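# Reading the structure
Spelled out, the chains give:
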Amino acid sequence: SEESAAISNAFNTGKFLNIDKATTRADSISVESPAAGRTAVKRLKECDGWATVVKDKDILEAQLTLAKNAGVFVEPAAATAYAALEKDASMLVEKFGEDVNVGVLLTGTAFKDMAVFEGKASVPAAIENSKEAVIKRFSK
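Residues numbered from 1 in each chain as written. Predicted model: local features only at pLDDT ≥ 70, side-chain atom pairs only at ≥ 80, totals over all residues. Heavy atoms only, no water.

Before going further, it helps to spend a moment on the side chain of Thr80. Assignment of secondary structure puts Thr80 in helix 4 (residues 76-87). Thr80 gets classed as buried once you look at its relative accessible area, which sits at 11%. A distance of 3.4 Å separates a polar atom in the side chain of Thr80 from the backbone oxygen of Ala77. If we skip the residues at most four places from it in the chain, Thr80 touches Ser1, Ala26, Ile29, Val54 and Ile59. (Helix = DSSP H or I, 4+ residues; strand = E, 2+ residues; numbered from the N terminus. Buried < 20%, exposed > 50% of the residue type's maximum accessible area, 1.4 Å probe, protein only. Polar contact = N/O pair within 3.5 Å; in protein donor to acceptor, adjacent residues only side chain to side chain. Contact = heavy atoms within 4.5 Å.)

Following both chains from N to C, one finds helix 1 (residues 6-13) and helix 2 (residues 37-46) inclined at 50°, their axes separated by 9 Å at the closest point. Considering the angle they form, helix 1 stands oblique to helix 2. For the pair helix 1 and helix 2, the crossing hand works out as right-handed. Between helix 1, through Ile7, Ala10 and Phe11, and helix 2, the contact on the second element is made entirely by Gly37, Ala40, Val41, Leu44 and Lys45. (Axes fitted to C-alpha atoms, helices over the stretch in contact; angles between N-to-C directions. Parallel < 35°, antiparallel > 145°, perpendicular 65-115°, else oblique. Left-handed = near helix turned anticlockwise from the far one by under 90°.)

Let us look at the environment of Lys15. Residue position: Lys15 is located in the loop between helix 1 and helix 2. Exposure remark for Lys15: the relative accessible area of 54% places this residue in the exposed category. Beyond its immediate stretch of four places on either side in the chain, Lys15 contacts Asn9 and Ala10.

Moving on, we come to the pattern of salt bridges. This model, assessed by the stated rule, comprises four salt bridges. Among the salt bridges present, the one from Glu46 reaches Arg43, with a minimum N-O distance of 3.2 Å. Placement of the pair is Glu46 and Arg43 together in helix 2, with a separation of three residues, close to one helical turn. Given a relative accessible area of 52%, Glu46 falls into the exposed group. Judged by its relative accessible area of 44%, Arg43 falls in the partly exposed class. (Salt bridge = Lys/Arg side-chain N within 4 Å of Asp/Glu carboxyl O.)

Take the layout of surface pockets next. A water-sized probe, rolled over the atoms, reveals where empty space remains. The volume enclosed by the largest pocket comes to roughly 1,100 Å³. Forming the walls of the largest pocket are 34 residues, and the residues nearest its centre are Leu44, Trp50, Thr80, Ala81 and Ala84. Where the lining of the largest pocket is concerned, the elements lending two or more residues are helix 1, helix 2, helix 4 and helix 5 (89-96). Split by residue class, the lining of the largest pocket holds 23 nonpolar, nine polar and two charged. (1 Å grid on protein atoms, 1.4 Å probe; cavity = no way out; pocket = protein on both sides within 12 Å on 5 of 7 lines; lining within 4 Å. Points joined across faces, edges and corners; volume = space filled by probe spheres on them. Nonpolar A, V, L, I, M, F, W, Y, C, P; charged D, E, K, R; others polar.)

Right, dumping it as structure tokens:
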């Protein structure tokens, strides 16, 4: 996140500096000084990786996109990886070609941080544990 970019800044500048105040909505990555920041940068360089930053609004949009289009319900910190993929998609195509296959690791369930869905999505009412109840719910 732009609001907590210590690792990305270090990767892109070579300077390991703390963030004055991390304020990202992606709570699990909202840190001024990442505990394993140097290791993360080292590993990114070893695997010819890259680091980028995304806006918090793009992280939250990615989270909703994953929930609505893929049925994957992740917390904002996990959605950050998908937001970065969306942002850098053209760079990946340029670097690896049109037929590139990209995998994004998505960890951390959204149930840890439901506030971001307020007014945007809701958890459906529970149903009976039976085949008939499932058919009834989803046969509309």
